[in-house]
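# Summary of structural features
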Amino acid sequence: APRIGVLALQGDVLEHLRLIERAGAVGVPVRREDELATVDGLVLPGGESTTIGLLLDRTGLAAPVQARLAEGLPVLGTCAGAILLAREPRQHDGTPTGQWCLGALDVAARRNAFGRQVASFEADLDVAGLTDPMRAVFIRAPWFEDLGAGVEVLATVATDVGARVVVVRQGPVLASAFHPELSDDPRLHRLLVDAVVTRDPA
Ligand code: GLN
């Protein structure tokens, strides 16, 4: 079975490891470069993206993670993890945050995009490729905007100001603005495992 790492610096590491196992793969916590070297795919959990960025730098994992992504390592970034994957993180008002990012996904990620009044909410989302809707838990979530030509929209959520993009894919890179581990739904992790298996057929 493929080995899928969970970046274990902050966030719901155990919950992601369980979803990976339910998706038919082996879950591996990743805190060090030698652990990163053993995985065939990676999950970047939610949390706080500037903190995780800082921890990636301090643990010496920033460059190795970036190098593996450049080689096409399949990855799923959720919420803060999705912000870290983006080309350009933006503040709530649309100005660039200037924070360090992995830059593996050709989107701008607008942080805390849904605003303070609706810091957290849930919605049932239709996700392209999945038969039933996904219960999505958003917590100070970003949305994705200014998508590059290679980026596919897998799901949007309706807001007062129109539909906003919340799940995207660009080749082996998957990102969701919400926390799939909080609704205990393994289907995005299954898409990640599929990307690994398609890349390295057994
Ligand atoms: N608001 C956080 C950030 O900007 C993300 C929140 C989350 O991961 N739930 O990094």
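Residues numbered from 1 in each chain as written. Predicted model: local features only at pLDDT ≥ 70, side-chain atom pairs only at ≥ 80, totals over all residues.

### Here we look at the UniProt feature "binding site: L-glutamine" (unreviewed entry) in the protein
On the UniProt side, "binding site: L-glutamine" (unreviewed entry) is annotated at positions that read G47, E48, S49, R111, I139 and R140 here. The named residues occupy 94 residues along the chain; their greatest pairwise C-alpha distance, 12.9 Å, places them in one compact cluster. Along the chain, G47 falls in the loop between β3 (41-44) and α3 (49-58). Residue G47 is classed as buried on the basis of its C-beta count, with 23 C-beta atoms lying within 10 Å. Dropping the residues within four chain positions of it, G47 is found in contact with Q10, G11, I52 and A80. Its location among the elements puts R111 in the loop between β6 (105-110) and β7 (120-125). Those residues in contact with R111, other than ones at most four positions away along the chain, are I83, P89, R90, Q91, H92, T97 and P142. (UniProt positions renumbered as here; feature names shortened; annotations may be inferred. Helix = DSSP H or I, 4+ residues; strand = E, 2+ residues; numbered from the N terminus. Buried ≥ 20, exposed ≤ 12 C-beta atoms within 10 Å, placed from the backbone. Contact = placed C-beta atoms within 7 Å.)

### A word on the nonpolar core
In this structure, L42, V75, L85, A177 and L192 are the most contacted members of the largest nonpolar core, which totals 62 residues. Ranked by residue count, the leading element in this core is helix α6 (residues 187-199), at 6 residues. Here L42 is in contact with I4, G5, L7, V30, L73 and V75, once residues within four sequence places are set aside. (Core = buried A, V, L, I, M, F, W, Y, C linked by C-beta atoms within 7 Å.)

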